[in-house]
Structure formats: structure tokens, C-alpha cells
Amino acid sequence: IVAIPGSLRRESFSRQIADTLAELAPEGTEVEILQIGELPFFNEDLKADDSPQIVQDLAARVSGADALVVISPEYNRSMSGVLKNALDWLSKEPAAPLSGKPVEVITQSPGATGGLVANYSIRDVVSVCGAEVMTGFETAIGAVSTKVVDGKLSDPAARDFVAHKLRLLLDKADSVKAWKVAAE
């Protein structure tokens, strides 16, 4: 699994939730947290010959993973600008790293709704890119400041729910791989 936190702040709740994923994923699952803060603003002029190397590297990490987890705060009823920028770059890569990729969206907010509106805006963007967005109840962690302690998601119910969603995500990844093998 690769994870993209949609906030650049080192101690952001999105980053702390991302740091917890390896504990919550099924045993033997590797989780790599990708960085998006150094990506240039999306600009077609920068793709004149090819995308910048940092974009190519991000696309390769996403392409090589079985699944993607996007974790984001809600900013003004949407996702963060840095996350949208990263998704825009990924959408324009020739290898189409989001196409067919199982994606779980996790949003969080100090408010009660847990960034649910941002969750939908992220789902909209990645689905247009061809991702296999996980269906069912959204993972939106409300009152996040009470559920993250010492840099980790600590609330038992939230941990259990995220662990369940990661199992479903990996089941979906296995199904996608099996389908691709059968199609060959």
C-alpha cells in the first residue's frame, strides 16, 4: 500500500493517521508514505518533453503499489490544494497510475463530520482518473483531535474501522490482480 497524506504539516492529523496504517494493515502488508510537498504546481509547460523526475517517481510508486490510501483534511469543503495538485499530476502521466488502482479515501476533521465533503471531492477526482474507489461507508474521522494521541490514531473504534477498510482494500487489490492475470 502507498499512502498520500494531503497535508504538508509534519504533525498533521493526516500524517499521523498515515503513520498508523502499518499497524492497522493485515500482517505482512508494507505501507509506504509518499511525499507530495516538493511537486511543482501542475503546468502542461513542464511536461514539454516529459514530466519532472519527481512526478515520474511519484507515478512509479503509485503504479507499483497494490493499492493507494489517500488521507486528507477538509479545507473549505474540499481537499487540500497540494493533494489536488498531486492527483492532477498523476492523472496526466502516460502510465495512468490511478487507472484500475484500488483507492481508499480517509478524511479527518476536528468537526463532527470528519471531512465528509472532502471525502466526496477526492472520490470524484480519483474516479474520473479510473481508480477503483472503495464503496460502502466512507472513512471520515470526526473530532480527530480526540482520536490521535502521541502521533498515532488511538481511538479503538476508529482503529478498528480503518483496519477493516484496509482489509477490504487489499481484498479488492487481490481481485484486481486476479482479473488482470485472467485477462492476459
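What you are looking at is a predicted structure, and each value in this text was computed from that prediction instead of being measured.

A. Up close: the side chain of N119. With respect to the secondary-structure elements, N119 resides in helix α4 (residues 116–128). There is a polar contact of 3.5 Å between the side chain of N119 and the backbone oxygen of V105. Of the polar contacts made by the side chain of N119, one reaches the side chain of T107; its length is 3.3 Å. Sequence-distant contacts of N119, defined by excluding residues within four places in its chain, comprise V105, I106, T107, E138 and T139.

B. Structural view of the packing of aromatic side chains. The final tally for this structure, using the stated rule, is one aromatic pair. Judged by centre distance (4.8 Å) and plane angle (75 degrees), the ring pair of F42 and W89 falls under edge-to-face. Of this pair, F42 sits in the loop between β2 (32–33) and α2 (53–64) while W89 sits in helix α3 (residues 81–91); the two residues are 47 residues apart in sequence, bridging distant segments of the chain.

C. Local environment of the side chain of T139. With respect to the helices and strands, the residue T139 is situated in strand β6 (residues 139–141). Within the structure, the side chain of T139 is placed 2.7 Å from the side chain of E104, a separation counted as a polar contact. If sequence neighbours within four positions are ignored, T139 has contacts with E104, V105, I106, T107, N119, F161, V162 and K165.

D. Main features of the packing of helix α1 (residues 13–24) against helix α5 (residues 156–183). Remark: α1 packs on α5, axes separated minimally by 10 Å, with the N-to-C direction vectors making an angle of 70 degrees. In terms of orientation, α1 lies roughly perpendicular with respect to α5. Judged by the sense of rotation from one axis to the other, the crossing of α1 with α5 is right-handed. Taking contact as the criterion, the partners of T20, L21, E23 and L24 in α1 are, on α5, R159, V162, A163 and L166.

E. Expanded view of the pattern of salt bridges. Counted under the stated rule, the structure contains eleven salt bridges. Between R15 and D19 there is a salt bridge; the shortest N-O distance is 3.1 Å. Remark: D19 and R15 occur in helix α1; sequence separation between them is four residues, near one turn of the helix. You can call D19 partly exposed: its relative accessible area is 28%. The salt bridge partner of E32 is R61, with a shortest N-O separation of 2.7 Å. Taken together, the positions of E32 in strand β2 and R61 in helix α2 put the pair 29 residues apart, joining distant regions of the chain. Relative accessible area serves as the criterion here: at 28%, E32 is assigned to the partly exposed category.

F. Layout of the pairing of strand β3 (residues 68–73). With six of its six residues buried, β3 lies for the most part within the structure. Judged by which residues are buried, β3 turns out to be covered on both faces: L68, V70 and S72 on one side and V69, I71 and P73 on the other are all buried. Where strand β1 (residues 2–5) lies against β3, four bridges are found, and the strand directions are parallel. Each residue of the ladder has a partner; that of V2, found in β3, is L68. Note: β3 against strand β4 (residues 102–108), six bridges, orientation parallel. Bridge pairing in β4 links V69 to E104. Crossover β3 to β4 through α3 is right-handed.

G. Main features of the pairing of β1. What you see with β1 is no split at all: V2 and I4 on one side and A3 and P5 on the other are buried throughout. Of the pairings in the sheet, the one linking β1 to β2 comprises two bridges and is parallel in character. Residue A3 lies in a different strand from β2, and its bridge partner there is I33.

Rules used throughout
Residues numbered from 1 in each chain as written. Predicted model: local features only at pLDDT ≥ 70, side-chain atom pairs only at ≥ 80, totals over all residues. Heavy atoms only, no water. Helix = DSSP H or I, 4+ residues; strand = E, 2+ residues; numbered from the N terminus. Polar contact = N/O pair within 3.5 Å; in protein donor to acceptor, adjacent residues only side chain to side chain. Contact = heavy atoms within 4.5 Å. Phe/Tyr/Trp six-rings, centres within 6.5 Å; stacked < 30°, edge-to-face > 60°. Axes fitted to C-alpha atoms, helices over the stretch in contact; angles between N-to-C directions. Parallel < 35°, antiparallel > 145°, perpendicular 65-115°, else oblique. Left-handed = near helix turned anticlockwise from the far one by under 90°. Salt bridge = Lys/Arg side-chain N within 4 Å of Asp/Glu carboxyl O. Buried < 20%, exposed > 50% of the residue type's maximum accessible area, 1.4 Å probe, protein only. Pairing = 2+ DSSP bridges. Right-handed = clockwise from strand over helix to strand, strands pointing away.

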